[in-house]
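Listed below are the residues making up each chain.
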Amino acid sequence: MSLIGALSIANGSLANVNRQFAVLSQNVANANTPGYVAETATQRSVTADGVGLGVLTGPATRNIDTALQERLLVQNAAVSNLQTQQSALSAIDAVQGTPGDGSDLASLLGDLQNQFSTLLNAPDSEPQQDQVVASATTLARGINALSDAYTAQRQSAQGDLVSAVGTLNTTLQTIGQLSDQIIALKAGGRSIAHLENQRDGAVKTLSQLVQAKTLWQPNGDMLVTTAGGMALPTRGDAALQTSSAILQPGACYPGGGVPAIMFGSTDVTAQLTGGRIGADLTLRDSTLPTFQAE
């Protein structure tokens, strides 16, 4: 082997070692970065006619458990869903008051009943008549406050739904853009790990909005579907759409003045479950209308 050949092999080996150290340094630096997946630098020996010609450094790859990743997305959707519902229902609980403290509706109703019972013993007592009226007024105010709280939280769910659908569309487009870059780099044999980490960050945001599934493709692309299997758009002008609306107490979905979520000409509201969007839909179309009716 010539001196130049030997130096070339040594230079390639040093470059490979340098690459290994760079990946290791990156992993250490991002050890506490949320969503970061550790990378591994790949390498393979090069030979010709049984003669070693050094080491060829390949693109970095990620050490990721795809099954665990899918379970994480499901949990993200569940937690976000519960947090959204808890926030709305806490506001309702605050208006209802604490049972037994005298300000809750049950206590106010009981007080009014007691005042009527006392009035029966002295129906011509003006002070007692005034007390009945005062108790009835307090109860009416409590009922009105609760009704207003239901309406306000339902309207809040509608407003948040419009915002969440907009964020969903933006996130899906980000996934599509990153996928296009990944496909191009992978076709050229270059590292895509850093872009995959970025795409996973977008998928995490997506999972907090709605329960979704991701399907990795051999060319590096990623398909995104709802839990029910409906494909979500990650490219082009296609997007989910809904509209703002002022919800009256008697408004209902579908067909009662409450806007649907559309994909083109198709109503896909029922396809969007879990996450923040699923919680907003449940609050708007089921939980709060039921409370209002009761």
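It should be noted that the structure appears before, not after, this text.
Figured I'd write up the structure that's included with this text. Chains are numbered independently. Their residues run from 1 in the order of the written sequence. It should be noted that, the model being predicted, local features are given only for residues of pLDDT at least 70 and side-chain atom pairs only at 80 or more, the latter also being counted only at that level, while totals for whole chains, interfaces and linings use all residues. With hydrogens and water stripped out, all remaining heavy atoms of the structure feed into the side-chain values.

**Observations concerning the overall build of the protein chain**
How we decide: Strands are runs of DSSP state E lasting at least 2 residues, helices are runs of H or I lasting at least 4, and numbering of each runs from the N terminus. In this scheme, a residue with accessible area under 20% of its type's maximum is buried, one over 50% is exposed, and one in between is partly exposed, where area comes from a 1.4 Å probe on protein chains only. In this description, contact between two residues means that some pair of their heavy atoms is separated by no more than 4.5 Å. Note on areas: Shrake-Rupley with a 1.4 Å probe; residue coverage comes only from the protein chains shown.
The helix and strand tally for the protein chain stands at six helices and seven strands. Counting helices and strands in the order they occur from the N terminus, the protein chain gives α-β-β-α-α-α-α-β-β-β-β-β-α. Within the protein chain, the fraction of its 294 residues that count as buried is 34%. Considering only contacts within the protein chain whose residues lie at least 6 apart along the sequence, 60% involve residues at least 24 apart. A total of about 16000 Å² of accessible surface is found on the protein chain, and carbon and sulfur atoms cover 56% of it.

**Some details on the pattern of salt bridges**
What counts here: Note on definitions: salt bridges are taken to be side-chain nitrogens of Lys or Arg within 4 Å of carboxyl oxygens of Asp or Glu.
Counted under the stated rule, the structure contains four salt bridges. A salt bridge links Asp160 to Arg276, with the shortest nitrogen-to-oxygen separation between them at 2.9 Å. Here Asp160, found in helix α4 (residues 126-187), pairs with Arg276, found in helix α6 (residues 275-293); they are 116 residues apart in sequence, far enough to count as distant. By relative accessible area, Asp160 is classed as partly exposed at 25%. For Arg276, a relative accessible area of 21% corresponds to the partly exposed category. Between Arg284 and Asp285 there is a salt bridge, with the nearest N and O atoms lying 2.7 Å from each other. By relative accessible area, which is 0% here, Arg284 ends up buried. In the salt-bridge network here, residues are joined through shared partners; they are Asp180, Asp221 and Arg235.

**Brief notes about the packing of helix α2 (residues 66-96) against α6**
A packed helix pair is summarised by two numbers, namely the angle formed by the two axes and the spacing between the axes. The cut-off we apply is this: Geometry is summarised by axes, namely lines fitted to C-alpha atoms with helices restricted to the contacting stretch, and by angles between N-to-C directions that run from 0 to 180 degrees. Left-handed is the label given to a crossing in which the near helix is rotated counterclockwise from the far helix by less than a right angle, and right-handed is the label when the rotation is clockwise. Amino acid classes used here: Ala, Val, Leu, Ile, Met, Phe, Trp, Tyr, Cys and Pro are nonpolar; Asp, Glu, Lys and Arg are charged; the rest, including Gly, are polar.
Remark: α2 packs on α6, axes separated minimally by 8 Å, with the N-to-C direction vectors making an angle of 35°. α2 and α6 meet at a crossing whose hand is right-handed. Note on element contacts: α6 touches α2 through Gly275, Arg276, Gly278, Ala279, Asp280, Thr282, Leu283, Thr287, Leu288 and Phe291, opposite Ala77, Ser80, Asn81, Thr84, Gln85, Ala88, Leu89 and Ile92. Here the residues of the contact of α2 with α6 sort into eight nonpolar, eight polar and two charged.

**A word on helix α5 (residues 193-209)**
Residue pairs three or four apart in sequence face the same way in an α-helix, which turns once every 3.6 residues. Let me state the cut-off plainly: To estimate the expected span of a helix, count its residues, drop one, and scale the result by 1.5 Å.
In this model α5 runs 25 Å from its N-terminal to its C-terminal C-alpha over 17 residues, within 8% of the 24 Å that 1.5 Å per residue would give. By the burial criterion, the buried members of α5 are Ala193, Leu195, Glu196, Asn197, Arg199, Asp200, Ala202, Val203, Leu206, Ser207 and Leu209.

**With respect to helix α3 (residues 105-121)**
Here is the rule: Think of it as the arc spanned by the lines of direction from the helix axis to the C-beta atoms.
Taking 1.5 Å as the rise per residue, α3 with 17 residues should run 24 Å; its terminal C-alpha atoms sit 25 Å apart, in good agreement. Among the residues of α3, Leu108, Leu112, Gln115 and Leu119 are the ones counted as buried. One side of α3 carries all its buried residues, which in axial view fall inside an arc of 60°. Residues Ala106, Leu120 and Asn121 are exposed on α3 and point more than 90 degrees away from its buried face.

**Concerning the pairing of strand β4 (residues 222-226)**
Spelled out, the test is: One requirement defines pairing of two strands: DSSP has to find at least two bridges between them.
Most of β4 sits out of view: four of its five residues are buried. Pairing geometry for strand β3 (residues 212-216) and β4, over five bridges, is antiparallel. Opposite Ala212, over in β4, you have Thr226 as the bridge partner. Once β3 ends, the chain turns through five residues before running back antiparallel as β4, passing Gly220 with a positive phi of about 100°.

**Regarding the nonpolar core**
Selection rule: Remark: nonpolar core denotes a set of buried residues (Ala, Val, Leu, Ile, Met, Phe, Trp, Tyr, Cys) joined through side-chain atoms within 4.5 Å.
Core analysis: the largest hydrophobic core is formed by 23 residues, its most contacted members being Leu168, Leu206, Val224, Leu240, Ile261 and Ile277. Those elements that place two or more of their residues in this core are α4, α5, β4 and α6. The element contributing the most residues to this core is α4, with six residues. Non-local contacts of Ile261, meaning those with residues more than four positions away in its chain, are made with Leu161, Val165, Leu240, Gln241, Thr242, Thr266, Asp267, Val268, Thr269, Leu272, Ile277 and Leu281. Core analysis: the second largest hydrophobic core is formed by eight residues, Ala88, Ile92, Ala157 and Leu283 among them.

**Structural notes on the packing of aromatic side chains**
Note the cut-off: Only the six-membered ring of Trp is used, alongside the rings of Phe and Tyr, when aromatic pairs are assigned; centres must lie within 6.5 Å, and planes under 30 degrees apart are stacked while those over 60 apart are edge-to-face, with the rest tilted.
Per the stated rule, a full pass over the model turns up one aromatic pair. Ring geometry for Tyr150 against Phe291: centres 5.7 Å apart, planes inclined by 40°, an arrangement best described as tilted. Residue Tyr150 is located in helix α4, and its partner Phe291 is located in helix α6; the two are separated by 141 residues in the primary sequence. Residue classification places Tyr150 among the buried residues on the basis of a relative accessible area of 9%. On the basis of relative accessible area, Phe291 is assigned to the partly exposed category, the value being 29%.

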